[in-house]
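Each chain, letter by letter, is given below.
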Amino acid sequence: QVQLVESGGGLVQAGGSLRLSCAASGRIYSINDMGWYRQAPGKQRELVATITRSGRINYADSVKDRFTISRDNAKNKVYLEMNRLKPEDTDVYYCNADVAQLSGSVFRRYWGQGTQVTVSS
């Protein structure tokens, strides 16, 4: 089995910064795409940023120039540096990873349990 554990959420004032981390562990042969999504109560989960194994990055328009995604392939970790935070960034943030558990096996998407980010005005 594969587990993803996020950390780094919390309460911050508008204009402040937070850094989220996500570590994948368990039976892992290879990880392709990793990413961050966020979800508010009663709303659909939305993309924040994704990063491929080779480092190709995609951001939601709402976070471009404020958030930075990065990853450490050797440690099976993905990070999200969030700067100039706004109250509308308040959400539960989830990381995901597309994982192959064996050589030649299909990649399956796994999700973390989520970490709360609250930005006060």
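Refer to the structure presented above.
A brief structural summary.

Topic: the nonpolar core
Core analysis: the largest hydrophobic core is formed by 28 residues, its most contacted members being Trp36, Leu80, Met82 and Tyr93. Listing elements by their share of this core, those giving two or more residues are strand E1 (2–7), strand E3 (18–26), strand E4 (30–39), strand E5 (46–51), strand E7 (67–72), strand E8 (77–82), strand E9 (91–100) and strand E11 (115–120). Setting aside residues no more than four positions away along its own chain, Tyr93 makes contact with Glu6, Leu20, Trp36, Tyr37, Arg38, Val48, Phe67, Leu80, Met82, Gly114, Thr115 and Val117.

Side note on the packing of aromatic side chains
Overall, the coordinates contain one aromatic pair when judged by the stated rule. The ring of Tyr79 is capped by Arg19, whose NZ or CZ atom sits 4.2 Å from the centre of that ring. Between the NZ or CZ atom of Arg45 and the centre of the ring of Tyr94, over which it lies, the distance is 3.7 Å.

Some remarks on the side chain of Ser30
Turning to its location among the elements, Ser30 is positioned in strand E4. Under the relative-accessibility criterion, Ser30 is labelled buried at 16%.

Considering the sheet that holds E1
The sheet built from four strands is open, its strands ordered E1-E3-E8-E7 with antiparallel pairing. Each edge of the open sheet carries a strand with a single partner, namely E1 and E7. The sheet shows a mean angle of 15° between the axes of neighbouring strands, taken without regard to direction. In the sheet, E7 pairs with E8 via six bridges, with the strands oriented antiparallel.

Points about the state of the cysteines
Tallied over the entire structure, the rule returns one disulfide. The partner cysteine of Cys22 in its disulfide is Cys95, sulfur to sulfur 2.0 Å. Measuring handedness by torsion sign, the sulfur bridge of Cys22 and Cys95 sits at about 50° and is right-handed. Of this pair, Cys22 sits in strand E3 while Cys95 sits in strand E9, and the two are 73 residues apart along the sequence. The exposure classification of Cys22 matches that of Cys95, with both residues buried.

So, the environment of Ile28
Locating Ile28 in the fold gives a position in the loop between E3 and E4. With a relative accessible area of 22%, Ile28 lands in the partly exposed category. Residues Ile28 and Thr90, spaced 62 residues apart in sequence, show a C-alpha to C-alpha distance of 32 Å. Discounting residues that sit within four places of it in the chain, Ile28 has contacts with Val2, Asn76, Val99, Ala100 and Gln101.

Scoring rules and cut-offs
Residues numbered from 1 in each chain as written. Predicted model: local features only at pLDDT ≥ 70, side-chain atom pairs only at ≥ 80, totals over all residues. Heavy atoms only, no water. Core = buried A, V, L, I, M, F, W, Y, C linked by side-chain atoms within 4.5 Å. Buried < 20%, exposed > 50% of the residue type's maximum accessible area, 1.4 Å probe, protein only. Helix = DSSP H or I, 4+ residues; strand = E, 2+ residues; numbered from the N terminus. Contact = heavy atoms within 4.5 Å. Phe/Tyr/Trp six-rings, centres within 6.5 Å; stacked < 30°, edge-to-face > 60°. Lys NZ or Arg CZ within 6 Å of the ring centre and 35° of its normal. Pairing = 2+ DSSP bridges. Axes fitted to C-alpha atoms, helices over the stretch in contact; angles between N-to-C directions. Disulfide = S-S within 2.5 Å.

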